Amino acid sequence: MERLREILAVSLFFMGIFLVINACLGKFDLLMLISGCVCLLLAYFIWPSKKNSQREDNFYLDIIEIAIELPFDILLWMFRFLIRIFRKADLPDADL
């Protein structure tokens, strides 16, 4: 079952990458962009993550896991960074 999840997640990941690149480089198509993002999201949730102890150690699968989880880690990092900026902006100035 784990191998099936890995194959399905990798297939969805490559299909999502293809759809996103095709939507941006060719004539822009919002439906294709949204479906590419949905494929990437499904690949992220289907992938048996090593962080959650769902998979054994394997160098090649670790590389694939980094590729699948990297876009969401970057988005989470940017979101947390923006929240931190706005949270600091709400503090009153002490230099009065």
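Keep in mind that this is a model prediction, so the values were computed, not measured. (Residues numbered from 1 in each chain as written. Predicted model: local features only at pLDDT ≥ 70, side-chain atom pairs only at ≥ 80, totals over all residues. Heavy atoms only, no water.)

Brief notes about the overall build of the chain
Definition in use: In DSSP terms, a helix is any run of H or I states spanning at least four residues, a strand is any run of E spanning at least two, and both are numbered starting from the N terminus. Whether two residues touch is decided by their heavy atoms; if any such pair falls within 4.5 Å, the residues are in contact. Surface accessibility follows the Shrake-Rupley procedure with a 1.4 Å probe radius. Residue values consider only the protein chains on display as shielding.
Assigned secondary structure in the chain consists of three helices and zero strands. Reading the chain from its N end, one meets helices and strands in the order α-α-α. Restricting to contacts in the chain with at least 6 residues of sequence separation, those with at least 24 account for 50%. Summing over all exposed atoms, the chain offers an accessible surface of approximately 7,600 Å²; the carbon and sulfur share of this is 72%.

Brief notes about the nonpolar core
Quick reminder of the rule: Side-chain atoms within 4.5 Å are what join buried Ala, Val, Leu, Ile, Met, Phe, Trp, Tyr and Cys residues into a set we call a nonpolar core. Relative accessibility decides the category of a residue: with a 1.4 Å probe and only protein chains considered, values under 20% of the type maximum give buried, values over 50% give exposed, and everything between is partly exposed.
Among the nonpolar cores identified, the biggest contains twelve residues, and these are Ala-9, Val-10, Leu-12, Phe-13, Leu-19, Cys-39, Leu-40, Ala-43, Trp-47, Leu-61, Ile-68 and Phe-72. Where this core is concerned, the elements lending two or more residues are helix H1 (2-25), helix H2 (30-46) and helix H3 (59-89).

A look at the confidence of the model for the chain
Worth spelling out the cut-off: For every residue, the pLDDT score states the predictor's confidence, bounded by 0 at the bottom and 100 at the top.
The pLDDT averaged across the chain works out to 84; a share of 83% of its residues lies at or above 70. By mean pLDDT, the top-scoring element of the chain is H2 (93), and the lowest-scoring one is H3 (85).

What to know about the packing of aromatic side chains
Convention followed: By convention, a stacked pair of Phe, Tyr or Trp rings (six-membered ring in the case of Trp) has centres within 6.5 Å and planes under 30 degrees apart, an edge-to-face pair has planes over 60 apart, and any other such pair is tilted.
One pass over the structure, following the stated rule, counts five aromatic pairs. For the ring pair Phe-59 and Tyr-60, a centre distance of 5.5 Å and an interplane angle of 70° mean the geometry is edge-to-face. On the basis of relative accessible area, Phe-59 is assigned to the exposed category, the value being 57%. Take Tyr-60: its relative accessible area is 61%, and that puts it in the exposed class. Members of the aromatic cluster, each reached through a chain of ring pairs, are Tyr-44, Phe-45 and Phe-72.

Overview of the environment of Trp-47
Within the secondary structure, Trp-47 is located in the loop between H2 and H3. The spacing of Trp-47 and Glu-65 is 18 residues in sequence and 7.7 Å in space, taken between C-alpha atoms.

Looking at the environment of Ala-9
Its location among the elements puts Ala-9 in helix H1. The spatial distance from the C-alpha of Ala-9 to the C-alpha of Ala-43 is 4.3 Å, given a sequence separation of 34 residues. The contact partners of Ala-9, leaving out residues within four places of it in the chain, are Ala-43, Ile-46, Trp-47 and Ile-68.

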